[in-house]
Amino acid sequence: MTYFADVGALARKDLLLELRSRDTLPAMLLFVVSTLVVFNFSLPADTGDLAAYGLLWVAIVFTAILGLTRAFAAEREQRVLDGLVLAPCDRSAIWLGKGIAVVAFLALAEVVALPAFALFFEPVTWELVAAVALADVGLAAVGTLLAAMAAASRARELLLPLLFLPLVIPVVVGGVGASIGDDPGRYLAFLGLYDLIFAILSWASFEYVVTE
Amino acid sequence: MSTSLPNNRAVALAAAAFALLLAGLALAFYWVPDAPLEGFRQRIFYIHVPVALTAYACFGWAAWKALRLLSTRDQRYDLESYTAVHMGVIFGILTLVTGSIWARTSWGVWWSWGERQLVLFLVLFLFYSAYFMLRYSVEPGPRRASMSAVYALFGVVLIPVSFLAIRLAEGLIHPVVFDRDIGSNLAGSQLLTFGICLAGTLALAAALYANELTGKRIDARLRELREALQ
Amino acid sequence: MVVIAARGLGRSFGEKRVLRDIDLDVAERDLLLVTGPNGSGKSTLLSLCAGLLAPTAGELEVTVDRGRIGYLAHEPLVYRELSALENLDLYGRLYRVPERRERIGMLLERFGLWESRRSPVSSFSRGMQQRLALCRTLLHDPALLLLDEPYAGLDDAGAELLDAELRALAGRRTLLLATHDPDRVGRLATGSLALA
């Protein structure tokens, strides 16, 4: 059970850091709303109502990228990650703690984004909310791992989107399908499957990303 | 580390590949009867599908080597995994090209989002291109090897997940306009031709793999020697 | 008992070979001084012993497990936006330090940081950050200490505190000390390794 104590300590640390620096979350909120506004101007008048749902998912993915780019910023700047990696705790706890924080940030961004979306474009259904919740888990799971990879590279901010986007195409499919499809249950189940598979894979392989 | 032995293997594989592909293509274009619906154009199937399957095999091989690297921390596997990914991408590009040609000859368009294999390979192409970006932006060493290995494992898991996603996406985004009769009822002669072509592409991949691996190993050895002399 | 054993140890970063052919035997309670000019690989050697880097040549064996190694790097490895107390509390939890609060308080007191324990590290001077880093390193009472230029950034008062600490640790714990100033701790050393 010390594993979950470690995860708790790490997640709390990340949330505390954001509370102090307040740089990532406000940026994510502003970004997602700005993107929605841009969509108004980019959607031609005669596109169907459903197109807006598609664009919402694009906005969510790119907002996630914005947040993830900052995910390991504090650790990278002061090489604190070395300090965490040296600790006797399981390295996957670092991934889980950070991932929980990322989900929290995404959820907060969506608390603003979804009402804005409902206001500007189309109504938000329960299936959409469920899809967003499931998608957050998948995006955070994969994104946290990839953010750690990008943090160790020279290219950093450039690298993360390139690694991230192909991997989250299934999340977009699941999300859009649940939003507009006739059978949202199938797409929600698919999102759940994606979450399960990639969360386990990320959890198991994080160790190898931060050590040699 | 002797470099002559693997080279012999590469030469043997190349010879086998040449023979098999020559035979396979000859069979595909001259011997096998026309497909009932599509006619002569369908013959590109004998190149397109083996190339696609070979690409999958390369990515799978890369993932296997990646797993070996992570479990043994033996750096030798890094080069092998990387080379396999490289081969996979080459055959992946070939898949996209042959698939595009097939779409053009069948339906008159160079691209179709309804063509599952094509879309899947596009996603994989993006994914594995990012693999190279990852490698270029990290200093060579054990860390880069571990990260590349993890990424290669993600790739192989992505293949079925993406395929499922693409199938689900068809239901709501792009209507399946075109349908194709692939491989469901292959007659004996078709199966034989297909098998020979597949063996040929696999042999070709193996030959290129062995050749490039040898080359890279020589480079590494040269670097080692140069450093030792410093 | 051998704590660190290295044979032909080498480490390269891409093309650059930083450490070459190092043989090392560090026994329990040794204090090894690692000297050499900048760029000679002192930090790299300590990183290898800590387990942060893997050798690219040769062999290295460290018989102390992760939780009992204390590593002082060039950077303090603390979060600038958090306070000294919060940083040490996090490390204390991760290292499962018994009687965490008491131990943190004692270390902060000993290194003169008790008054500023609630201030964010970003407000600390270089000397204070180094002292905090020392607290972090000693927090879990490690059996093996890897100190990379521990005197760097310390003012006279801090350096004296460190002197006292090292005197107390020498002979009771195993230490590897990379330093520009070997004379300061020369008396305590049981051996030295000069990197070209």
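It should be noted that the structure appears before, not after, this text.
Residues numbered from 1 in each chain as written. Chains lettered and ligands numbered in written order. Predicted model: local features only at pLDDT ≥ 70, side-chain atom pairs only at ≥ 80, totals over all residues.

## Re the sheet that holds strand β5 (residues 69-72) of chain C
All names here are of chain C.
Logical step 1: Strand order across the open sheet formed by 5 strands is β5-β6-β7-β3-β8, with parallel pairing between neighbours. Across the chains shown, the open sheet's two edge strands, defined by having one partner strand only, are β5 and β8 (191-194). The average angle at which neighbouring strand axes cross in this sheet is 10°, direction not considered.
Logical step 2: Pairing analysis gives 4 bridges linking β5 to strand β6 (residues 144-148), with the strands arranged parallel. Bridging from a neighbouring strand, isoleucine 69 pairs with leucine 144 of β6. (Pairing = 2+ DSSP bridges. Helix = DSSP H or I, 4+ residues; strand = E, 2+ residues; numbered from the N terminus. Axes fitted to C-alpha atoms, helices over the stretch in contact; angles between N-to-C directions.)

## Section: helix α6 (residues 91-120) of chain A
Logical step 1: When the terminal C-alpha atoms of α6 of chain A are compared, their 43 Å separation across 30 residues agrees well with the 44 Å that a helix rising 1.5 Å per residue should span.
Logical step 2: Along α6 of chain A, the sharpest change in direction is near 25° and occurs at glutamate 110 of chain A. (Expected span 1.5 Å × (residues − 1). Bend = angle between axes of the 7 residues up to and from the residue.)

## A closer look at the interface of chain C and chain A
Logical step 1: Tallying the contact residues gives 21 residues for chain C and 21 residues for chain A.
Logical step 2: Broken down by secondary-structure element, the contributors of at least two residues to the side of chain C that touches chain A are β5 and α2 (84-94) of chain C.
Logical step 3: Among the elements that take part in the side of chain C that touches chain A, α2 of chain C stands out by supplying 3 residues, more than any other.
Logical step 4: Split by residue class, the side of chain C that touches chain A holds 14 nonpolar, 1 polar and 6 charged. (Contact = placed C-beta atoms within 7 Å. Nonpolar A, V, L, I, M, F, W, Y, C, P; charged D, E, K, R; others polar.)

## What about the nonpolar core?
Proteins that are soluble and globular tend to have nonpolar side chains buried together.
Logical step 1: Within the largest apolar cluster, 208 residues are counted, with the highest numbers of intra-cluster contacts made by Ala148, Met149, Leu163 and Leu191 of chain A together with Leu146 and Leu176 of chain C.
Logical step 2: Per-element tally for this core: the top contributor is helix α7 (residues 126-151) of chain A, with 17 residues. (Core = buried A, V, L, I, M, F, W, Y, C linked by C-beta atoms within 7 Å. Buried ≥ 20, exposed ≤ 12 C-beta atoms within 10 Å, placed from the backbone.)

## Thoughts on α7 of chain A
Logical step 1: The first and last C-alpha atoms of α7 of chain A sit 36 Å apart over 26 residues, in line with the 38 Å expected at 1.5 Å per residue.
Logical step 2: The element α7 of chain A is largely enclosed, with a buried count of 21 among its 26 residues.

## Describing the interface of chain A and chain B
Logical step 1: Counting from both sides, the interface comprises 25 residues of chain A and, opposite them, 27 residues of chain B.
Logical step 2: If you list the elements that add at least two residues to the side of chain A that touches chain B, you get α8 (159-180) and α9 (184-210) of chain A.
Logical step 3: The residue makeup of the side of chain A that touches chain B, split by class, is 19 nonpolar, 4 polar and 2 charged.

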